[in-house]
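Fold and geometry: a report
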Amino acid sequence: MKHLDLGPYTYAGGTVQLPGSKSISNRALLLAALASGKTVIANLLEADDTRVMLDALTQLGVHYVRQGQDYLIDGIGGTFPVRKAQLFLGNAGTAVRLLSAALALQAGEGSAYQISGVPRMHERPIGDLVDSLQELGASLAYAGRAGFPPLVIERMQHIAPAQQLHVRGDVSSQFLSALLMALPLLPVAARRTMIKIDGELISKPYIDLTMNLMARFGVPVEREGWHHFTLATDSSYQAPGHITVEGDASSASYFLAAGAVGKGPLRVLGVGRASIQGDVGFADVLTQMGANVTMGPDWIEVSGAANSQRRLKAIDMDCNLIPDAAMTLAVLALFAEGTSTLRNIASWRVKETDRLAAMAAELCKLGAMIEVGADFLRITPPATLSAGAVIDTYDDHRMAMCFSLVSLAGVPIRINDPNCVAKTFPDYFERFAAIVR
Ligand SMILES: O=C(O)C1=C[C@@H](OP(=O)(O)O)[C@@H](O)[C@H](O)C1
Ligand SMILES: C=C(OP(=O)(O)O)C(=O)O
């Protein structure tokens with residue numbers, strides 16, 4: 001499909017069962033593959049990002065079977081059976097970062113793995129992770145530009161003498177997640193258990209997510225503030241038996257936002273107060289903006305602000321803890337009274353596209369006044385949104401999903417290349433169509 005025309009709509013409401021969390025799905029898949037024993041994973045996300053992870057694990061010799069809606073993964077207990085593989089990982093940051101570290105810290109000889117992705121993946125940094133792994137003695141080489149995929153990785157033959165292990169945390173938290181998840185693969189005698197973070201750690205809730213999943217697979221990690229992390233000395237991954245993946249909290253943000261601007265009530269099922277994902281924090285921001293939000297352990301319900309025009313309040317906030325859901329806030333700012341500022345989002349520059357530039361360009365098409373800086377975005381909505389804007393999506397699923405919300409301002413909008421939502425939410429637009437009118 002070349003483009004999709006949406007709206008004009010004035011109402012959104014109903015109930016949405018969320019697809020599984022991308023971040024939990026890819027962590028659970030990798031840990032289940034590395035563990036001793038079998039793991040049943042329920043509600044695994046079925047989308048491009050998880051498909052590339054599953055395909056890569058299959059290429060590496062991991063077996064799984066479908067049991068109805070569940071996946072039964074047969075863990076390999078530490079070392080992948082296949083020694084040579086070319087792994088294409090699309091634009092899945094989690095798959096590229098987590099698998100690179102897991103492959104680099106396997107012991108043995110005669111192996112060669114290549115990791116590559118779509119052209120944009122080859123512009124997304126990985127140098128800080130490679131530096132840390134190389135300091136440990138791992139063998140990784142850049143097949144293209146230094147600091148970026150594609151990578152050529154061999155298994156480790158010598159572990160470098162003990163020294164403080166450290167990693168930078170200010171470009172992507174996925175580097176620390178990858179290192180933490182791979183370290184238990186080192187032989188116990190040479191195990192490094194302490195990691196120090198250089199610089200400010202961004203996207204912190206994703207580290208809590210990593211620690212939560214590792215603990216469930218038998219490897220607890222402790223942290224002192226956000227600068228020192230310590231792994232249990234001699235633990236190894238053990239299959240927990242059964243894991244149910246929560247609904248995706250970032251995917252929830254589009255529907256919750258729709259409830260806030262489209263009257264509601266709109267209820268999402270699959271995430272709530274008990275969620276381990278940072279992006280549930282988006283619901284609190286909706287409250288600050290004047291929407292009515294209620295929450296149960298695994299559901300969230302939103303309806304519009306009580307004032308007659310359902311106008312939201314503008315916000316000025318540090319969005320570092322919710323980098324993905326913050327994109328939804330950028331579009332919601334069009335529905336607010338006054339100027340909103342989203343701060344501390346420099347990581348947007350190195351994601352599926354340069355999201356600061358893309359967001360600024362597309363919001364301008366709607367008549368908004370935009371100021372964009374190295375790490376912030378300031379949005380002043382126009383009195384009336386331009387009707388019939390044609391939105392480019394830059395092969396970024398979140399650009400497509402966020403801008404669908406504009407149709408709820410009572411103006412029609414065209415979304416170019418809507419199929420990019422396949423990265424994390426293949427049937428997003430069918431689900432969106434079912435809640436709006
Ligand atoms: O670890 C994860 O699952 C993720 C971490 C975040 O990335 P950064 O740490 O690069 O901000 C987030 O944006 C991404 O969608 C998923
Ligand atoms: C940044 C994202 O993805 P990833 O880094 O996992 O490719 C995202 O889903 O918004």
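Residues numbered from 1 in each chain as written. Chains lettered and ligands numbered in written order. Predicted model: local features only at pLDDT ≥ 70, side-chain atom pairs only at ≥ 80, totals over all residues. Heavy atoms only, no water.

The name that an unreviewed UniProt entry assigns to the protein is 3-phosphoshikimate 1-carboxyvinyltransferase, with the source organism given as Mycoavidus cysteinexigens.

**Points about empty space enclosed by the protein**
Across all of its chains, the model carries four cavities of 30 Å³ or more by this definition. The computed volume of the largest cavity comes to approximately 220 Å³. Forming the walls of the largest cavity are 21 residues, and the residues nearest its centre are Lys-22, Gln-174, Tyr-206, Asp-324 and Lys-351. Those elements that place two or more of their residues in the lining of the largest cavity are helix H1 (22-34) and helix H3 (93-104). Sort the elements by how many residues they give to the lining of the largest cavity and H1 lands first, with three residues. Residue classes in the lining of the largest cavity are distributed as four nonpolar, seven polar and 10 charged. (1 Å grid on protein atoms, 1.4 Å probe; cavity = no way out; pocket = protein on both sides within 12 Å on 5 of 7 lines; lining within 4 Å. Points joined across faces, edges and corners; volume = space filled by probe spheres on them. Helix = DSSP H or I, 4+ residues; strand = E, 2+ residues; numbered from the N terminus. Nonpolar A, V, L, I, M, F, W, Y, C, P; charged D, E, K, R; others polar.)

**Observations regarding the site of ligand 2**
Around ligand 2 sit 14 residues in total, of which Lys-22, Gly-93, Arg-124, Arg-398 and Lys-423 are the nearest. Between an oxygen atom of ligand 2 and a side-chain N or O atom of Arg-124, the distance comes to 2.7 Å. Arg-355 places a side-chain nitrogen or oxygen 2.9 Å from an oxygen atom of ligand 2. Coverage of ligand 2 by the protein chains reaches 98% of its 300 Å² of free accessible surface. Applying the majority rule of atoms within 2 Å of the grid points places ligand 2 in the largest cavity. Secondary-structure elements contributing two or more residues to the shell around ligand 2 are H3 and helix H11 (397-404). Along the lines of polarity and charge, the residues of the shell around ligand 2 split into one nonpolar, five polar and eight charged. When we break the shell around ligand 2 down by domain, the ones giving at least three residues each are domain 1 (3-19 + 248-435) and domain 2 (81-229). (Near = heavy atom within 4 Å. Polar contact = N/O pair within 3.5 Å; in protein donor to acceptor, adjacent residues only side chain to side chain. Areas by Shrake-Rupley, 256 points an atom, 1.4 Å probe, with all protein chains shown as cover. Sits in = over half its atoms within 2 Å of the grid points. Domains from an automatic or database assignment.)

**Quick notes on the environment of Leu-385**
Mapping Leu-385 onto the fold places it in the loop between strand S23 (377-380) and strand S24 (389-391). A relative accessible area of 11% means that Leu-385 is categorised as buried. Considering only alpha carbons, one finds Leu-385 and Gly-410, 25 residues apart in sequence, at a separation of 9.1 Å. Each residue touching Leu-385, except ones within four places of it in the same chain, is listed here: Leu-334, Leu-366, Val-406, Ala-409 and Val-411. (Buried < 20%, exposed > 50% of the residue type's maximum accessible area, 1.4 Å probe, protein only. Contact = heavy atoms within 4.5 Å.)

**A short note on the nonpolar core**
Of all hydrophobic cores here, the largest spans 77 residues; its most connected members are Leu-329, Met-359 and Phe-403. The dominant element in this core, judged by the number of residues it contributes, is helix H7 (residues 249-261), at nine residues. Ignoring sequence-local partners within four residues, the contact set of Met-359 consists of Met-327, Ala-330, Val-331, Trp-348, Leu-377, Met-399, Cys-402 and Phe-403. Counting 76 residues, the second largest nonpolar core, distinct from the first, contains Leu-29, Leu-89, Met-211 and Leu-213. (Core = buried A, V, L, I, M, F, W, Y, C linked by side-chain atoms within 4.5 Å.)

**What about the site of ligand 1?**
Around ligand 1, the neighbouring residues are Lys-22, Ser-23, Arg-27, Thr-94, Ser-172, Ser-173, Gln-174, Ile-202, Ser-203, Tyr-206, Asp-324 and Lys-351. Between Arg-27 and ligand 1, the recorded distance is 2.7 Å, taken from a side-chain N or O atom to an oxygen atom. In the complex, 96% of the free accessible area of ligand 1, which totals 390 Å², lies under the protein chains. The dominant element in the shell around ligand 1, judged by the number of residues it contributes, is H1, at three residues. Of the residues contributing to the shell around ligand 1, the split by class is two nonpolar, six polar and four charged.

**Section: the UniProt feature "binding site: 3-phosphoshikimate" (unreviewed entry) in the protein**
Here the UniProt-annotated "binding site: 3-phosphoshikimate" (unreviewed entry) positions come out as Lys-22, Ser-23, Arg-27, Ser-172, Ser-173, Gln-174, Ser-203, Asp-324 and Lys-351. Among the annotated residues just listed, those that line the largest cavity are Lys-22, Ser-23, Arg-27, Ser-172, Ser-173, Gln-174, Ser-203, Asp-324 and Lys-351. Tracing the chain through its elements places Lys-22 in helix H1. In contact with Lys-22, not counting residues within four places along its chain, are Leu-45, Asp-49, Asp-248, Asp-324, Arg-398, Lys-423 and Thr-424. (UniProt positions renumbered as here; feature names shortened; annotations may be inferred.)

**Examining unusual backbone geometry**
Following Gly-7, the chain continues into Pro-8 via a peptide bond in cis, with omega recorded as 5°. Looking at the secondary structure, you find Pro-8 in the loop between strand S1 (3-6) and strand S2 (12-17). Looking along the chain, the bond that leaves Gly-264 and enters Pro-265 is cis, with omega of 0°. You can see Pro-265 is positioned in strand S15 (residues 263-269). Phi is positive for Ser-203, which is not a glycine, with a value near 50°.

**Quick notes on the UniProt feature "binding site: phosphoenolpyruvate" (unreviewed entry) in the protein**
Listed under "binding site: phosphoenolpyruvate" (unreviewed entry) in the UniProt record, and renumbered for this structure, are Lys-22, Gly-93, Arg-124, Gln-174, Arg-355, Arg-398 and Lys-423. Those annotated residues from the list above that line the largest cavity are Lys-22, Gly-93, Arg-124, Gln-174, Arg-355, Arg-398 and Lys-423. Residue position: Arg-398 is located in helix H11. Taking the relative accessible area as the measure of exposure, Arg-398 reaches 1% and is therefore buried. Non-local contacts of Arg-398, meaning those with residues more than four positions away in its chain, are made with Lys-22, Ser-250, Tyr-254, Asp-324, Met-327 and Arg-355. Looking at the element boundaries, Lys-423 is found in the loop between strand S25 (413-416) and helix H12 (428-433). Residue classification places Lys-423 among the buried residues on the basis of a relative accessible area of 7%. Every residue in contact with Lys-423, bar those within four places of it in the chain, is listed here: Lys-22, Ala-47, Asp-48, Asp-49, Asn-91, Ala-92, Glu-352 and His-397.

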